[in-house]
Amino acid sequence: MKKIVIICFVFVAAALQSKAQIQINPQLGLTIMNFTDPPEGVDFEANVGFMVGGDVRIGEKFQFQPGAF
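This section reports on the structure supplied with the text. (Residues numbered from 1 in each chain as written. Predicted model: local features only at pLDDT ≥ 70, side-chain atom pairs only at ≥ 80, totals over all residues. Heavy atoms only, no water.)

Re the overall build of the chain
To keep it simple, the criterion reads: Helix numbers and strand numbers start at the N terminus; a helix is a DSSP run of H or I with at least 4 residues, a strand a run of E with at least 2. The buried label applies to any residue whose accessible area, calculated with a 1.4 Å probe on protein chains only, is under 20% of its type's maximum; exposed applies above 50%, and partly exposed to all values in between. Residues are treated as being in contact if the distance between any of their heavy atoms lies within 4.5 Å.
Helix and strand counts for the chain stand at one helix and three strands. Tracing the chain from N to C terminus, the helices and strands come up as α-β-β-β. Looking at the chain as a whole, 6% of its 69 residues are labelled buried. Sequence-distant contacts in the chain: of pairs separated by 6 or more residues, those separated by 24 or more amount to 41%.

In structure tokens, the structure reads:
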């Protein structure tokens, strides 16, 4: 029983410590597509759009930043 309590305490302490090193960053951006040198005989139009997403920064000294957009 004592080992289970110690293991639970270690997991809770690790979760609280890792929470201090996680930062959530929402992101919003504008995208503009334009070809500078199109092939001959090809018609195209420049389009403007947007992107919405976010990423999670993990760590203080070394940062791992996975994201989805």
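What about the sheet that holds strand β3 (residues 67–68)?
Pairing between sheet strands relies on hydrogen bonds along the backbone, with the strands arranged either parallel or antiparallel. Put simply, the test is: Two strands qualify as a pair provided that DSSP identifies no fewer than 2 bridges between them.
Across the sheet, which stays open at both edges, the three strands sit in the order β1-β2-β3 with antiparallel pairing between neighbours. Every other strand in the sheet has two partners, leaving β1 (22–33) and β3 as the edge strands with one partner each. The sheet contact formed by β1 and strand β2 (residues 47–58) spans twelve bridges and is antiparallel. For Pro26, the partnering residue across the bridge sits in β2 and is Gly54.

Some remarks on the pairing of β2
Examined bridge by bridge, β2 and β3 share two bridges and lie antiparallel to one another. Counted as the bridge partner of Gly54 is Ala68 from β3.

Side note on the environment of Pro26
Within the fold, Pro26 resides in strand β1. Separated by 41 residues in sequence, Pro26 and Gly67 have C-alpha atoms that sit 9.5 Å apart. Residues in contact with Pro26, not counting those within four places in the same chain, are Gly53 and Gly54.

Notes on the environment of Gln63
With respect to the helices, strands and loops of the structure, Gln63 is situated in the loop between β2 and β3. When its relative accessible area of 40% is taken as the criterion, Gln63 is described as partly exposed. For the pair formed by Gln63 and Ile22, sequence separation is 41 residues and the distance between their alpha carbons is 9.6 Å. Setting aside chain neighbours within four positions, we find Gln63 in contact with Arg57 and Ile58.

Some points on a nonpolar patch on the surface
Threshold: Nonpolar side chains (Val, Leu, Ile, Met, Phe, Trp, Tyr) are joined into patches within 5 Å and like charges within 9 Å, using only residues with over 30% relative accessible area and no salt bridge. Note on areas: these come from Shrake-Rupley sampling with a 1.4 Å probe, and a residue is covered only by the protein chains present in the view. Any carboxyl oxygen of Asp or Glu within 4 Å of a side-chain nitrogen of Lys or Arg constitutes a salt bridge here.
There is a patch of nonpolar side chains on the surface, built from Ile22, Ile24, Val56, Ile58, Phe62 and Phe64 and spanning about 620 Å² of accessible area. Of all elements in the fold, only β1 and β2 reach the threshold of two or more residues within the nonpolar patch. Residue position: Ile24 is located in strand β1. Relative accessible area serves as the criterion here: at 66%, Ile24 is assigned to the exposed category.

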